[in-house]
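Now for the letters of each chain:
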Amino acid sequence: FDGAKTYKVTLPKDIPEGNFWSLTLYDNMTRSMLDTPQRYPRAGSQSYPSPAAEADADGSTTVWFGPEQPEGVARGNWIQTDPDKGWFVVLRLYSPLQPFFDKTWRPSEVEPVEQ
(Lines give C-alpha, C1' and ligand atoms only; values in the text may rest on other atoms or scores of the structure.)
Protein backbone atom coordinates (compact mmCIF):
# COMPACT_ATOMS: atom_id res chain seq x y z
CA PHE A 1 0.00 0.00 0.00
CA ASP A 2 1.02 3.63 -0.54
CA GLY A 3 2.19 5.31 2.68
CA ALA A 4 1.01 8.73 1.49
CA LYS A 5 -2.64 7.61 1.22
CA THR A 6 -5.29 6.77 3.82
CA TYR A 7 -6.96 3.37 4.07
CA LYS A 8 -9.25 1.54 6.49
CA VAL A 9 -10.25 -2.02 7.34
CA THR A 10 -13.29 -3.15 9.30
CA LEU A 11 -13.26 -6.16 11.58
CA PRO A 12 -16.84 -7.40 12.12
CA LYS A 13 -18.12 -7.79 15.68
CA ASP A 14 -17.17 -10.85 17.70
CA ILE A 15 -13.55 -11.00 16.54
CA PRO A 16 -12.75 -14.73 16.86
CA GLU A 17 -9.78 -14.66 19.23
CA GLY A 18 -9.36 -16.45 22.51
CA ASN A 19 -6.64 -14.12 23.85
CA PHE A 20 -6.19 -10.96 21.76
CA TRP A 21 -5.91 -9.63 18.21
CA SER A 22 -3.45 -7.30 16.52
CA LEU A 23 -2.92 -5.52 13.19
CA THR A 24 0.74 -4.63 12.54
CA LEU A 25 2.26 -2.67 9.65
CA TYR A 26 5.51 -3.69 7.99
CA ASP A 27 7.86 -1.85 5.61
CA ASN A 28 7.75 -3.26 2.04
CA MET A 29 11.52 -2.98 1.61
CA THR A 30 12.94 -4.07 4.98
CA ARG A 31 10.09 -6.39 6.00
CA SER A 32 10.50 -5.06 9.55
CA MET A 33 7.90 -3.06 11.45
CA LEU A 34 7.23 0.29 9.82
CA ASP A 35 9.33 3.03 11.46
CA THR A 36 7.25 6.16 12.15
CA PRO A 37 7.03 8.75 14.94
CA GLN A 38 4.13 6.69 16.33
CA ARG A 39 6.77 4.11 17.43
CA TYR A 40 4.44 1.09 17.55
CA PRO A 41 2.84 0.47 14.14
CA ARG A 42 -0.03 -1.58 15.53
CA ALA A 43 -3.64 -1.56 16.61
CA GLY A 44 -5.35 -4.25 18.59
CA SER A 45 -7.33 -5.38 21.58
CA GLN A 46 -4.49 -4.90 24.06
CA SER A 47 -3.88 -1.51 25.68
CA TYR A 48 -0.08 -1.80 25.74
CA PRO A 49 2.16 -0.49 24.21
CA SER A 50 -0.45 1.74 22.56
CA PRO A 51 -4.14 2.32 23.41
CA ALA A 52 -6.53 -0.51 22.58
CA ALA A 53 -8.75 -0.10 19.53
CA GLU A 54 -12.30 0.96 20.31
CA ALA A 55 -15.30 -0.85 18.83
CA ASP A 56 -17.97 1.04 16.88
CA ALA A 57 -21.58 1.20 18.15
CA ASP A 58 -22.49 -1.92 16.10
CA GLY A 59 -19.65 -3.95 17.65
CA SER A 60 -17.39 -3.84 14.61
CA THR A 61 -13.92 -2.27 14.82
CA THR A 62 -12.54 0.01 12.11
CA VAL A 63 -8.79 0.59 11.93
CA TRP A 64 -7.35 3.41 9.82
CA PHE A 65 -3.92 3.57 8.16
CA GLY A 66 -2.45 6.89 7.03
CA PRO A 67 0.28 9.49 7.56
CA GLU A 68 -2.06 11.69 9.66
CA GLN A 69 -4.61 10.61 12.26
CA PRO A 70 -8.07 11.13 10.73
CA GLU A 71 -10.33 13.57 12.54
CA GLY A 72 -12.67 11.82 14.97
CA VAL A 73 -10.69 8.56 14.95
CA ALA A 74 -9.43 7.33 18.33
CA ARG A 75 -5.68 6.93 18.72
CA GLY A 76 -6.04 3.17 19.18
CA ASN A 77 -7.87 2.86 15.85
CA TRP A 78 -5.16 4.54 13.76
CA ILE A 79 -1.77 3.26 12.59
CA GLN A 80 0.59 5.87 11.21
CA THR A 81 2.21 5.32 7.81
CA ASP A 82 5.25 6.98 6.21
CA PRO A 83 4.40 8.97 3.04
CA ASP A 84 7.75 7.90 1.53
CA LYS A 85 7.34 4.15 2.10
CA GLY A 86 5.11 1.32 1.02
CA TRP A 87 3.69 -1.04 3.62
CA PHE A 88 1.73 -4.22 4.18
CA VAL A 89 -0.40 -5.31 7.12
CA VAL A 90 -0.69 -8.57 9.07
CA LEU A 91 -3.75 -9.50 11.16
CA ARG A 92 -3.00 -11.84 14.01
CA LEU A 93 -5.64 -13.65 16.03
CA TYR A 94 -4.06 -15.17 19.11
CA SER A 95 -5.85 -18.43 19.91
CA PRO A 96 -8.21 -18.13 16.92
CA LEU A 97 -11.72 -19.46 17.34
CA GLN A 98 -13.86 -21.59 14.99
CA PRO A 99 -15.50 -18.69 13.05
CA PHE A 100 -12.06 -17.84 11.66
CA PHE A 101 -11.45 -21.39 10.46
CA ASP A 102 -14.89 -21.96 8.95
CA LYS A 103 -14.78 -18.46 7.40
CA THR A 104 -18.05 -17.31 8.94
CA TRP A 105 -16.09 -14.31 10.24
CA ARG A 106 -14.03 -12.31 7.73
CA PRO A 107 -12.52 -8.84 7.88
CA SER A 108 -13.24 -6.38 5.09
CA GLU A 109 -10.66 -5.69 2.41
CA VAL A 110 -8.27 -2.81 3.11
CA GLU A 111 -10.06 0.05 1.37
CA PRO A 112 -8.69 3.41 0.18
CA VAL A 113 -10.34 6.43 1.80
CA GLU A 114 -10.91 9.59 -0.24
CA GLN A 115 -9.87 12.71 1.62
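Calculation notes
- All residue numbers here refer to positions counted from 1 along the written sequence of the relevant chain.
- Where totals are concerned, whole chains, interfaces and linings use all residues; where local detail is concerned, this predicted model gives features only for residues with pLDDT of at least 70, and gives and counts side-chain atom pairs only at 80 or more.
- For side-chain calculations, the full set of non-hydrogen atoms in the structure is used, while hydrogens and water are omitted.
- The pocket and cavity definitions rest on a 1 Å grid over protein atoms only: a 1.4 Å probe that fits but cannot leave marks a cavity, an open set with protein on both sides within 12 Å along at least five of seven lines marks a pocket, and residues lining either have an atom within 4 Å of a point.
- Grid points are joined across faces, edges and corners, and a volume is the space filled by probe spheres set on the points.
- Each helix corresponds to a stretch of at least 4 residues labelled H or I by DSSP, and each strand to a stretch of at least 2 residues labelled E; elements are numbered beginning at the N terminus.
- Polar here means any residue other than Ala, Val, Leu, Ile, Met, Phe, Trp, Tyr, Cys and Pro, which are nonpolar, and Asp, Glu, Lys and Arg, which are charged; Gly is therefore polar.
- Relative accessibility thresholds used throughout: buried, under 20% of the residue-type maximum; exposed, over 50%; partly exposed, between the two (1.4 Å probe, protein chains only).
- Strands pair, by our definition, only if DSSP identifies at least two bridges between them.
- Any Lys or Arg side-chain nitrogen found within 4 Å of a carboxyl oxygen on Asp or Glu counts as a salt bridge.
- Distance and chemistry together define a polar contact, namely a pair of N or O atoms within 3.5 Å, with one atom able to donate a hydrogen and the other to accept it when in protein, and with adjacent residues in sequence counting only for side-chain atoms on both sides.
- To define axes, lines are fitted to C-alpha atoms, for helices over the stretch in contact only, and angles between the resulting N-to-C directions are given on a 0 to 180 degree scale.

Colleague: Teacher, can you tell me more about the layout of surface pockets here?
Modeller: Over the atoms, a rolled probe matching the size of one water molecule traces out where space is still vacant. If you add up the space inside the largest pocket, you get close to 220 Å³. Along the walls of the largest pocket sit Val 9, Leu 11, Leu 23, Phe 65, Val 89, Leu 91, Phe 100, Arg 106, Pro 107, Ser 108, Glu 109 and Val 110, which together make up its complete lining. Breaking the lining of the largest pocket down by element, the ones donating at least two residues are strand E1 (7-11) and strand E6 (87-96). Considered class by class, the residues forming the lining of the largest pocket number nine nonpolar, one polar and two charged.

Colleague: Got a minute to help me understand the pairing of strand E4 (residues 61-66) in this structure?
Modeller: Looking along a regular strand, one sees the side chains alternate between the two faces of the sheet. The element E4 is extensively covered by neighbouring structure, given that six of its six residues are classed as buried. Direction of pairing for E1 relative to E4: antiparallel, over a ladder of five bridges. Each residue of the ladder has a partner; that of Tyr 7, found in E4, is Phe 65.

Colleague: Honestly, the pattern of salt bridges in this entry has me stumped. Any pointers?
Modeller: Opposite charge on two side chains allows them to pair when their charged atoms are near. Inspection of every chain in the model, using the stated rule, returns one salt bridge. As a salt-bridge pair, Lys 85 and Asp 27 come within 3.5 Å of each other at their nearest N and O atoms. Remark: Asp 27 occurs in strand E2 (residues 17-27) and Lys 85 occurs in the loop between strand E5 (78-80) and E6; sequence separation between them is 58 residues.

Colleague: Which parts of the structure should I look at to understand the environment of Thr 30?
Modeller: Within the secondary structure, Thr 30 is located in the loop between E2 and strand E3 (42-44). At 2.8 Å, the side chain of Thr 30 forms a polar contact with the side chain of Ser 32.

Colleague: Is there a simple way to think about the sheet that holds E6 in this case?
Modeller: Within a sheet, adjacent strands bond to each other through the backbone by hydrogen bonds, running parallel or antiparallel. Strands sit in the order E3-E2-E6 across an open sheet of three strands; the sheet is antiparallel. Of all strands in the sheet, those with a lone pairing partner are E3 and E6, marking the two edges. Strand-to-strand twist across the sheet, computed as the mean angle between neighbouring axes with direction ignored, equals 15°. Summarising the sheet, E2 and E6 pair through nine bridges and their orientation is antiparallel. Among the inter-strand pairings, Trp 21 is bridged to a residue of E6, identified as Leu 93.

Colleague: Explain the environment of Ser 60 to me, please; I cannot follow it from the model alone.
Modeller: Following the sequence through the fold, Ser 60 ends up in the loop between E3 and E4. Ser 60 gets classed as buried once you look at its relative accessible area, which sits at 8%. The spacing of Ser 60 and Asp 14 is 46 residues in sequence and 7.7 Å in space, taken between C-alpha atoms. For Ser 60, the side chain forms a polar contact with the side chain of Asp 58, separated by 2.6 Å.

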